Amino acid sequence: MLDLAYEEDSRAEVDMNVVMTGGGHFVEIQASAEGRPFTGSEMQDLLALAAAGIRRLTEEQRSLLPLKFSGRSR
C-alpha cells in the first residue's frame, strides 16, 4: 500500500513520505521510526518500494489523462 488508511497507519513501524518527479527524481524523503529504529538496508528497501509504487501510479495517471504534459522532470 502506498497511502495507508488510519487503521494501518497507526500500527506502522515506520512513517515515511516520498515525493518524486515524473522523471523519477526524488523531491522529498521523510521517514521516522514509530517503533524500533530501522536499518539502512530497510531504508533502501522502503525507498525502492516507494519508487516502484510512484512509477506505477505515474504510468497509470499518464495512460488515463487525456492531456499530454511536457513537464521539466530532468
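Worth saying up front: this structure is predicted, and the values here are computed from it rather than measured.

Peer 1: What is the right way to look at the environment of Leu2 in this model?
Peer 2: With respect to the helices, strands and loops of the structure, Leu2 is situated in the segment before helix H1 (6-9). When its relative accessible area of 53% is taken as the criterion, Leu2 is described as exposed. Measuring from C-alpha to C-alpha, the distance between Leu2 and Leu49 comes to 8.9 Å, with 47 residues separating the pair along the chain.

Peer 1: When you look at the nonpolar core in this model, what are you seeing that I'm missing?
Peer 2: As a rule of thumb, soluble globular proteins bury nonpolar side chains together. Within the largest apolar cluster, seven residues are counted, these being Met16, Val18, Met20, Leu47, Ala50, Ala51 and Ile54. Secondary-structure elements contributing two or more residues to this core are strand E1 (14-20) and helix H2 (40-64). Looking at this core element by element, the count peaks at four residues for H2. Once residues lying within four places of it in the same chain are set aside, the contact partners of Ile54 are Leu2, Val18 and Met20.

Rules behind the numbers
- Residues numbered from 1 in each chain as written.
- Predicted model: local features only at pLDDT ≥ 70, side-chain atom pairs only at ≥ 80, totals over all residues.
- Heavy atoms only, no water.
- Helix = DSSP H or I, 4+ residues; strand = E, 2+ residues; numbered from the N terminus.
- Buried < 20%, exposed > 50% of the residue type's maximum accessible area, 1.4 Å probe, protein only.
- Core = buried A, V, L, I, M, F, W, Y, C linked by side-chain atoms within 4.5 Å.
- Contact = heavy atoms within 4.5 Å.

Just distances and angles here, no functional claims.
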